[in-house]
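Examining the three-dimensional arrangement
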There are 2 protein chains.
Amino acid sequence: MSGTAGAAGEREAAIATIQRELTAFARRSRAAAARMHPELSLVSFTLLAHLEDSGGCRGTDLAAHYLLDKSTVSRQVAALERAGHVERRSDPEDHRMQLLHLTEQGEQVLARAADRRSQAFHARLGDWEPAELERFAAYLTRYNDAAG
Amino acid sequence: MSGTAGAAGEREAAIATIQRELTAFARRSRAAAARMHPELSLVSFTLLAHLEDSGGCRGTDLAAHYLLDKSTVSRQVAALERAGHVERRSDPEDHRMQLLHLTEQGEQVLARAADRRSQAFHARLGDWEPAELERFAAYLTRYNDAAG
DNA sequence: CTTGATAGATGTACTGTACAACTACTTCTT
DNA sequence: AAGAAGTAGTTGTACAGTACATCTATCAAG
């Protein structure tokens, strides 16, 4: 009896820790990104990264992928265009939509920000064993898949 | 040679995955909190939870702990007070500072939000093995400790 | 008693975000 | 072919969260 109660308690405790630590991380992330690469907010970084990964997509795709309102994306993209990081190309087949793609400058800015992010992550994970990294990566992926 | 290159590559890949998944989580967290408990934003929740954990503290302590500007905390606390979730008590020893503590209503609102958060986490982690939960919790704690 | 430190509030400004209403275009239906 | 319905994107408006600079009140140390 006390055995199962103890096991349930450990389970509770582990979940509480996960909740607390993930929340702490979430709280810090924007400010940390702002410190790491002030020229590119976390959201801008994410959108540019998606454009790079996808090789160009529409605003609607960004909105759907990140659960953002299309107006939010519209303004973000407008700002990124103003900054010279993205370009829009009208589709001759369908004049409603515009394909967004990175400019060369956008690629460079993204690369620099990605580099600084990567350095920060490497610094924090530098002394982890390969097997630990693999497991952590797998756990996070599994968690996010369940959340999304 | 190819052996070490492969190991380094796996390491890189794991770190990249961790980076991607943590970023994805951070991006979603605020909106998720807003959906989960609309009456208490992620930040408000965090501040109330800290007041509960600490059993009452000063605005400055909150600012230091969460790396927020004191003006931000001042306004957040003012809003929480307006909502009836916290009360301030002047210290007769030092009239500069005010001890913040939860009201009974604040405790209830916090408890409800915490409950809904907890349910969401349990739902996502329900089918994890105890050993997996322990390791995930330990990894997150280790990561955050390195980041802070 | 002045000087400097500390706690907090306020003025101002900017970012990210949503919702609603609008325009422009495309596709479907009759 | 004409009108209805759907889709992509923009714009008006509003709000939350945040920072920085500045101000007030208080305390502490010389």
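No experiment lies behind these values; they were computed from the predicted model shown.

Before going further, it helps to spend a moment on the overall build of chain A. Within chain A one finds six helices and two strands. Counting helices and strands in the order they occur from the N terminus, chain A gives α-α-α-α-β-β-α-α. For chain A, whose C-alpha radius of gyration is 20 Å, the value lies well above the compact-globule estimate of 15 Å for 148 residues. Seen through its C-alpha atoms, chain A measures out along the principal axes to roughly 70 × 30 × 25 Å. Within chain A, the fraction of its 148 residues that count as buried is 40%. Element-wise, carbon and sulfur atoms account for 51% of the exposed surface of chain A, whose accessible area totals about 8100 Å².

We now examine the domain arrangement of chain A. All names here are of chain A. Its domain assignment divides chain A into domain 1 (1-36) and domain 2 (38-147). Placing the centre of domain 1 and that of domain 2 at their C-alpha centroids yields a distance of 26 Å. With seven residues of domain 1 at the contact, the number on the domain 2 side is eight residues. When the two sides are added together, the surface that domain 1 and domain 2 hide from each other amounts to roughly 700 Å², 70% of it contributed by carbon and sulfur. Our enumeration of links across domain 1 and domain 2 arrives at zero salt bridges. For the interface between domain 1 and domain 2, the tally reads one residue pair in polar contact (both at pLDDT 80 or more). Residue classes in the side of domain 1 that touches domain 2 are distributed as four nonpolar, one polar and two charged.

Moving on: the nonpolar core. With 32 residues, the main nonpolar core has A:Phe136 and B:Phe136 as its most contacted residues. Elements with a minimum of two residues in this core: α1 (2-36), α5 (104-125) and α6 (130-147) of chain A together with α1 (2-36), α5 (104-125) and α6 (130-147) of chain B. If you tally residues by element for this core, the top one is α1(B), at seven residues. Dropping the residues within four chain positions of it, A:Phe136 is found in contact with A:Trp128, B:Ile18, B:Phe136, B:Tyr139, B:Leu140 and B:Tyr143. Counting residues in hydrophobic clusters, the runner-up holds 20 residues, among them A:Leu40, A:Cys57, A:Ala63 and A:Leu100.

Around DNA strand C, a shell composed of 25 residues is seen, among which A:Ser41, A:Ser71, B:Arg58, B:Lys70 and B:Arg75 lie nearest. Looking at DNA strand C alone, sugar and phosphate atoms form 64% of those within 4 Å of the protein. Take A:Thr72: an N or O atom from its side chain is 3.0 Å from a phosphate oxygen of DNA strand C. Within the side chain of B:Arg58, a nitrogen or oxygen atom sits 2.6 Å from a phosphate oxygen of DNA strand C. Residue assignment for the surface near DNA strand C shows that the elements contributing at least two residues are α4 (70-82) of chain A together with α3 (59-66) and α4 (70-82) of chain B. Residues that form the surface near DNA strand C fall into these classes: four nonpolar, ten polar and eleven charged.

Right, let's talk about the protein's contact with DNA strand D for a bit. The environment of DNA strand D is formed by 25 residues, the closest being A:Lys70, A:Ser74, A:Arg75, A:Arg88 and B:Ser41. The share of sugar and phosphate among atoms of DNA strand D within 4 Å of the protein is 61%. Within the contact set of DNA strand D, a phosphate oxygen lies 2.5 Å away from a side-chain nitrogen or oxygen of B:Ser41. One nitrogen or oxygen atom from the side chain of B:Arg75 is found 3.3 Å from a base nitrogen belonging to DNA strand D. Taken together, the residues of the surface near DNA strand D break down into four nonpolar, ten polar and eleven charged.

Residue and element names in this part refer to chain B. Examined against the element boundaries, Phe 45 turns out to sit in helix α2 (residues 42-54). Along the backbone, Phe 45 and Ala 111 are 66 residues apart, and their C-alpha atoms lie at a distance of 9.8 Å. Sequence-distant contacts of Phe 45, defined by excluding residues within four places in its chain, comprise His 37, Leu 40, Leu 110, Ala 113, Ala 114 and Arg 117.

Calculation rules
Residues numbered from 1 in each chain as written. Chains lettered and ligands numbered in written order. Predicted model: local features only at pLDDT ≥ 70, side-chain atom pairs only at ≥ 80, totals over all residues. Heavy atoms only, no water. Helix = DSSP H or I, 4+ residues; strand = E, 2+ residues; numbered from the N terminus. Rg over C-alpha atoms; globule rule 2.2 N^0.38 Å. Buried < 20%, exposed > 50% of the residue type's maximum accessible area, 1.4 Å probe, protein only. Areas by Shrake-Rupley, 256 points an atom, 1.4 Å probe, with all protein chains shown as cover. Domains from an automatic or database assignment. Contact = heavy atoms within 4.5 Å. Buried area = accessible area lost by both parts, 1.4 Å probe. Salt bridge = Lys/Arg side-chain N within 4 Å of Asp/Glu carboxyl O. Polar contact = N/O pair within 3.5 Å; in protein donor to acceptor, adjacent residues only side chain to side chain. Nonpolar A, V, L, I, M, F, W, Y, C, P; charged D, E, K, R; others polar. Core = buried A, V, L, I, M, F, W, Y, C linked by side-chain atoms within 4.5 Å. Near = heavy atom within 4 Å.

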